[in-house]
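# Chains, contacts and geometry: an overview
The chain contents come next:
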Amino acid sequence: MSMKRYDLIIVGAGPSGLSAAIEAARRGLKVVVFDENEKPGGQLFKQIHKFFGSKEHKAKVRGFVIGQQLLQEAAELGVEVVLNATVVGMYMDKEIVVKMGEEVHHFKGDSILIATGAAENMVTFDGWTLPGVIGAGAAQTMMNLHGIKPGSKILMLGSGNVGLVVSYQLLQAGCEVVALVDAAPRVGGYGVHAAKVARCGVPFYLSHTIMKAEGTECVTGVTIAQVDSHFKFIPGTEKHFDVDTICLAVGLSPMSQLLKMAGCEMEDNPRRGGQVPICDEYGETSIKGLFVAGDVSGIEEASSAMIEGRIAGIAAAYYLGYIDKEELDAKYQENQAALAGLRQGMFAPENRGKLVEKTEEGIDVSMNLLEKGFIAEDEIERFPGVTHTKGIHPVIECSQNIPCNPCQDACPKHCIKIGSHITALPAVDENVECVGCGMCVASCSGQAIFLVQEDYEPGYGTVTLPYEFLPLPQKGDKGFGLDRSGKKVCEAEVVQVRTSPAFDHTNLLTIKVPSDMVMKARFYKAE
Amino acid sequence: MTMENIYDRAITLGEYVPEPDDDRIICRCEEITKGEIRRAVHDGMYTITEIRRYLRTGMGLCQGQTCAKLVKSIVARELEVSPAVLEPATSRSPMRPIEMKIFAQEAKEVGDNV
């Protein structure tokens, strides 16, 4: 037997593991990354939507593109990424055992980073073991990695960002999403993610959960019912749907077993998603030189996982003497600031589960958005991105304080203002003339920006909306305008379809609708 | 109940009262039902490790990836404690299912140790 040695061994080639590998290799460490999957990237390659944040967080770049960038950067720096390599054990003195092919191999790391991510939670109900009940992440893997439709008629349980994003992607893949259900009384994820699902016509059932999945060989239907404040079913509220698939998006649990096995001090921390290692601000556990980053140390988003990975990679370089304290401190400050930027606003960790009733600007939040998935007509006017000027102009239906600002830089005329405080709601400067270029529409990761022209021709106006479905409608096509709830409200004619590399696959569809519909129509459906 | 007195077997949990969903499978790999887990607690299995050895929950193909949290919440509810006070099952190698012939097959190549 022989044992290979590395300066840094990383377990998990996801966003945090690859980011750590890059930072460490850049500082001269010999780095290897093991991943049990046949493809690298962790969850990144399943993320076909544009990310939120600012430039430094790679905002408006699609997740899988970020994955490609990380892999390329790691390769250029000489990082070895070993796939189909399952770490089956971690022992004293940072020794790991890896299954590769038909053999097990031993490796010794002078430092180790565990970046194993998380696994999907399940809930049980009658029939939950029937084929057709799957995790939302599994559905995403099937459609976005393997090109397989998970089902035709689908019910989604869970209104967090995973449930919302995957519901939208199921619609994009051509599935019908019959309902989005959550036992909680309010939508858990970003309002903009909810709004883009709702305007496609998916009904939201908050304070509801699944009673039973029906079928003998596989799922053929599902019954949901309303729950009271103690999560007990309310008799008489049952609703049935014919479905062939039930997706569960009910949270994630850190896959921290390797750390427990190695003897790290652990804690059960519900705020972090379960069993997590106790670690310091660099991600170093109770065992010196053993680091963690990403979901394994607390469930968050890929954007924060990447920064945690960078910090851990730099800390490993310091631990092994490749950099001095000064560089560690400087780099830590820089990354910590970026991390703090992501952890603010309405969805900041300290607000988890709380109802934030007013925005930072003092505006009442849209309760309809939280309860039905879309902003009601009598709520929309109070947000600073919603204005009425002559000619074409943006209408920004961004109503929650989330750390995201690409729209501000997108406008060549600088008519969208967020300011230095990244969570501020975007405001439209009515004194600057909009040229209708649509860059803001395409730049909004939440697909919440529309261009509205109330006086296109007598009696008619236009709405330009972001459109990420195929087949792409053609100029001259006739169909219907759907309102924010997905209800048909008027006839609509496609008058322009724009695509451009700068839009990165967010097509701009301009529809002509009656003038009184320009503030109502938010989606287009072909005849 | 606190963590210490989970080990106090003198505590009585009261009668085992059947529940309508007792026949629901919780551990899919080993096909263990909710009722079996609840009954195991009443049989004196108060820790996750004991439950595991008694019923084989979490010892199948997925190694508890799916059911660990579910089993924990059922046991905690039966003991009337927070799930957070229950130690999870011991983590040991192999972390993932592996054929014994592979587990015993150590790579022979001479490494390029540096």
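In what follows, the accompanying structure is described. Please read these numbers as outputs of a predicted model, since none were measured by experiment. Sequence order as written defines the numbering, with residues in each chain counted from 1. Lettering for chains starts from A, numbering for ligands starts from 1, and both go in the order in which the items are written. Predicted model: local features are reported for residues with pLDDT of at least 70 only, side-chain atom pairs are reported and counted for 80 or more only, and whole-chain, interface and lining totals are derived from all residues. Where side-chain values are given, they derive from all heavy atoms of the structure, hydrogens and water being excluded.

## A closer look at the overall build of chain B
The number of helices and strands found in chain B is five helices and two strands. Under the DSSP-based scheme used, a helix requires at least four consecutive residues in state H or I and a strand at least two consecutive residues in state E, with every element numbered from the N terminus. Overall, chain B shows an N-to-C arrangement of helices and strands of α-β-β-α-α-α-α. Only protein chains enter the calculation, and the probe is 1.4 Å; a residue is then buried if its accessible area is under 20% of its type maximum, exposed if over 50%, and partly exposed in between. Per-residue burial over chain B gives 40% buried out of 114 residues. Here, two residues are considered to be in contact whenever any of their heavy atoms come within 4.5 Å of each other. The long-range share in chain B, meaning contacts at least 24 apart out of those at least 6 apart in sequence, stands at 56%.

## Things to note about the overall build of chain A
Across its full length, chain A carries twelve helices and 28 strands. Note that the radius of gyration is over C-alpha atoms, with the globule rule given as 2.2 Å times the number of residues to the power 0.38. The C-alpha radius of gyration of chain A comes to 24 Å, within 12% of the 24 Å expected for a compact globule of 527 residues. Its C-alpha atoms give chain A principal-axis dimensions of about 80 × 60 × 40 Å. Looking at chain A as a whole, 57% of its 527 residues qualify as buried. Considering only contacts in chain A between residues 6 or more positions apart, those separated by 24 or more positions represent 62%. Here the Shrake-Rupley method, with its probe set to 1.4 Å, supplies the accessible areas, and only the displayed protein chains count as covering residues. Accessible surface, chain A as shown: approximately 20800 Å² in total, 51% of it carbon and sulfur.

## Quick look at the interface of chain B and chain A
Listed per partner, the contact involves 35 residues of chain B and 38 residues of chain A. Using a 1.4 Å probe, buried area is obtained as the accessible area two parts lose upon being combined, added over both of them. Between chain B and chain A, the buried area comes to about 3100 Å², and carbon and sulfur atoms account for 53% of it. By the criterion of area lost to chain A, the three top residues of chain B are Arg24, Met95 and Arg96 of chain B, representing 18% of everything that side buries. Salt bridge, as used here, is a side-chain nitrogen of Lys or Arg placed within 4 Å of a carboxyl oxygen of Asp or Glu. Counting across the interface, chain B meets chain A through four salt bridges. What qualifies as a polar contact is a pair of N or O atoms within 3.5 Å, subject to a donor-acceptor requirement within protein and to the restriction that residues adjacent in sequence count only when both atoms come from side chains. Counting across the chain B and chain A interface gives 16 residue pairs in polar contact (both at pLDDT 80 or more). Taken together, the elements giving at least two residues each to the side of chain B that touches chain A come down to β1 (25–27), α4 (68–79) and α5 (100–103) of chain B. Under this grouping Gly is polar, as are all residues other than the nonpolar Ala, Val, Leu, Ile, Met, Phe, Trp, Tyr, Cys and Pro and the charged Asp, Glu, Lys and Arg. Partitioning the side of chain B that touches chain A into residue classes produces 15 nonpolar, eight polar and twelve charged.

## Some details on unusual backbone geometry
Following Leu470 of chain A, the chain continues into Pro471 of chain A via a peptide bond in cis, with omega recorded as -5°. Note on placement: Pro471 of chain A falls in the loop between β24 (460–467) and β25 (478–482). Omega for the peptide link from Ser93 of chain B to Pro94 of chain B comes to -5°, which places this bond in the cis form. The phi dihedral of Ser207 of chain A falls on the positive side, at around 55°, and the residue is not glycine. Within the secondary structure, Ser207 of chain A is located in the loop between β11 (204–206) and β12 (208–214). Exposure remark for Ser207 of chain A: the relative accessible area of 18% places this residue in the buried category.

## Side note on the sheet that holds strand β26 (residues 488–498) of chain A
Residues and elements named next belong to chain A. Pairing between strands requires that DSSP locate at least two bridges from one strand to the other. Strand order in the open sheet made by the seven strands is β20-β23-β24-β27-β26-β25-β28, with antiparallel pairing throughout. Among the strands making up the open sheet, the edge pair consists of β20 (392–396) and β28 (523–526). Going across the sheet, the axis of each strand differs from the next one's by a mean of 40°, ignoring polarity. All axes here are fitted lines through C-alpha atoms, helices being fitted over the stretch that makes contact, and every angle between N-to-C directions spans 0 to 180 degrees.

## Re the nonpolar core
All names here are of chain A. Membership of the largest hydrophobic core comes to 52 residues, with the highest contact counts inside it found for Met156, Leu170, Phe204, Ile511 and Val513. When residues in this core are grouped by element, the largest group, five residues, is from helix α4 (residues 161–172). When neighbours within four sequence positions are excluded, Phe204 is seen to be in contact with Leu164, Leu180, Val187, Ala194, Val197, Ala198, Lys372 and Gly373. Buried residues of nine kinds, namely Ala, Val, Leu, Ile, Met, Phe, Trp, Tyr and Cys, make up a nonpolar core once their side-chain atoms join them within 4.5 Å.

## Things to note about the pairing of strand β5 (residues 95–100) of chain A
Note: strand β4 (residues 85–91) of chain A against β5 of chain A, six bridges, orientation antiparallel. Each bridged residue has a counterpart across the sheet, and for Met90 of chain A the counterpart in β5 of chain A is Ile96 of chain A.

## Points about the side chain of His49 of chain A
Residues and elements named next belong to chain A. In this fold, His49 is placed in the loop between β2 (31–34) and α2 (63–76). One polar contact links His49 to Gln169, side chain to side chain, over a distance of 3.3 Å. If we skip the residues at most four places from it in the chain, His49 touches Val61, Arg62, Gly63, Val165 and Gln169.

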